[in-house]
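Chain by chain, the residues run as shown.
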Amino acid sequence: MSCRACSGPVEEFFDFGRHPLSDAFLLPEEIADEFFYRLAVGVCKSCTMVQLTEEVPRDRMFREDYPYQSSMSSGMRDHFTRTAHQLMEERCHGADPFVVEIGCNDGVMLKTVAESGIRHLGVDPSRDVVELAADKGVQVLVDFFQRSTAAQIKEEHGPADVIYAANTICHIPYLDSVFEGVDTLLTPDGVFVFEDPYLGDVVERTSFDQIYDEHFYLFSASSVRATARRFGFELVDVERLPVHGGEVRYTIARAGHHEPTPGVAHMIAEENRRQIVDAAILEQFAMQVKRNCEDLVSLIRRLRESGHSVAAYGATAKSATVTNYCGIGTDLVSHIFDSTSAKQGRVSPGMHIPIRSLEDLSSSRPDYLLLFAWNHAEEIIAREAHFREKGGKWILYVPEVHVV
Ligand code: SAH
Ligand code: TYD
Ligand code: ZN
């Protein structure tokens, strides 16, 4: 196949096989019609972009009842409050600044911008979660961001000083339309800032569950700079973020309008030194993924055989990759507990593990909890302190399988 970003040749390095949609939590009567695709990842030999080799149609993933809500984690709420203040302080100096967010979800970031009285607009196609943003006083447009949406926004509101996106640009295969949209909408000196899971961290920590239908791209500074340049932009800053198991925030500006910080060249030099898209490194990653899966399944099997009960915590999108690739069904994990009401009373994609509320967790008292939301480990383990006080143990599988 050819690269979705630059049309160069793509070499596949891991095939997870037939997978369901990671955020498609099902009612029992929906199981018969479950949708599957082939989950596999490759790397572009020309621009180094790591990407899925099969694309799921966007309307299947981002639909009216898309269930993911950003505000479920207090750590993420804090992160986005800080982000909003930083964007307003650093990028909103003009007379009447305008901030656009792509993939605003439930308004976790724009809420703070709205409260500060700054002109803003959140663009997101998933109606139910966007309504939660509107309830917080956030201005919204229920749509996919692309060339035509950008033109429509500019027509109605004028140019944007900042275009921001978190955990969204990596969901969009059609980067040409995104960059052309940014080109249309952004002021001459404006910035396009986005943050997504970092390839360097995924490879280093074997966090293979970051690979699923919605995460079409796994970015690096090298692949983002190459893409930006093709559309007349430059990567002018990079910042590593500790959220979601390791991300990078990329700041993009029109070529020649902002001087790149030394951090950009530094991160690219580091990526070259580590050879993160080298065939040997990716092969090593693939072997480690297989090993972690085997370790996880054999640990849970041993626990079950010795009479322990095992459930899971966090019906994450990421967990669909783990359960379906490793073959973890209700014979190994009885339930998944999750705070999201839209997921409760349904079953997990593919392996059909029932999702229950956090209130049910205290009554069911499993011996072990497999932490699918490992990226929020500190917050969750603190919040569920009574589970450990009563002898419960957590199972984690990043960077390798361990019990705490
Ligand atoms: N920014 C939030 C939400 C991330 S989830 C956070 O970081 O927590 C990804 C969001 O992107 C979903 O709400 C989804 O509906 C939205 N999305 C997917 N494709 C999009 C597109 N083309 N344009 C705008 N939003 C999109
Ligand atoms: P997350 O890891 O943020 O993302 P993804 O679905 O993209 O992999 O999902 C966290 C899930 O865990 C979400 O469904 C909400 C749930 N959750 C809890 O049940 N309790 C908690 O304390 C937290 C922080 C999250
Ligand atoms: Zn490419």
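Source: prediction; values computed, not measured.

**Remarks on the overall build of the chain**
Scanning the chain for helices and strands turns up 14 helices and 17 strands. The C-alpha radius of gyration computed for the chain amounts to 21 Å, which stays within 12% of the reference 22 Å derived for 404 residues, consistent with globular compactness. Taking all 404 residues of the chain together, 58% fall into the buried category. Of the contacts formed within the chain by residues at least 6 apart in sequence, a portion of 69% connects residues at least 24 apart.

**Some thoughts on the coordination of the zinc ion (ligand 3)**
At 2.3 Å from the zinc ion (ligand 3) lie its protein donor atoms, namely Cys 3 (SG), Cys 6 (SG), Cys 44 (SG) and Cys 47 (SG). In this structure, the zinc ion (ligand 3) is surrounded by four donor atoms whose angles at the metal cover 102 to 114 degrees, and the resulting shape is tetrahedral. Coordination of the zinc ion (ligand 3) draws on donor residues from a single chain, spaced C-x2-C-x37-C-x2-C in sequence. Assessed through its relative accessible area of 4%, Cys 3 is described here as buried.

**Some words on the side chain of Glu 101**
Looking at the secondary structure, you find Glu 101 in strand 4 (residues 98-102). This buried residue, Glu 101, is left without a salt bridge; Arg 249 holds the nearest opposite charge, at 9.5 Å. Apart from the residues within four sequence positions on either side, Glu 101 is in contact with Met 109, Leu 110, Leu 121, Gly 122, Val 123, Tyr 164 and Ala 166.

**Brief notes about the site of ligand 2**
In the neighbourhood of ligand 2, 21 residues make up the surrounding shell, with Ala 317, Lys 318, Asp 338, Lys 343 and His 376 lying closest. Measuring from an oxygen atom of ligand 2, one finds a side-chain N or O atom of Tyr 212 at 3.3 Å. Residue Asp 338 places a side-chain N or O atom 2.6 Å away from an oxygen atom belonging to ligand 2. Within the complex, 96% of the 560 Å² of free accessible area of ligand 2 lies under protein. The element that contributes the greatest number of residues to the shell around ligand 2 is helix 13 (residues 377-383), accounting for three residues.

Reading the values: the criteria
- Residues numbered from 1 in each chain as written.
- Chains lettered and ligands numbered in written order.
- Predicted model: local features only at pLDDT ≥ 70, side-chain atom pairs only at ≥ 80, totals over all residues.
- Heavy atoms only, no water.
- Helix = DSSP H or I, 4+ residues; strand = E, 2+ residues; numbered from the N terminus.
- Rg over C-alpha atoms; globule rule 2.2 N^0.38 Å.
- Buried < 20%, exposed > 50% of the residue type's maximum accessible area, 1.4 Å probe, protein only.
- Contact = heavy atoms within 4.5 Å.
- Donors = N, O, S within 2.8 Å, 3.2 Å for Na, K, Ca; no water.
- Tetrahedral: all angles 85-135°; square planar, octahedral: opposite > 155°, others 65-115°.
- Lys, Arg positive; Asp, Glu negative; His and termini not counted.
- Salt bridge = Lys/Arg side-chain N within 4 Å of Asp/Glu carboxyl O.
- Near = heavy atom within 4 Å.
- Polar contact = N/O pair within 3.5 Å; in protein donor to acceptor, adjacent residues only side chain to side chain.
- Areas by Shrake-Rupley, 256 points an atom, 1.4 Å probe, with all protein chains shown as cover.

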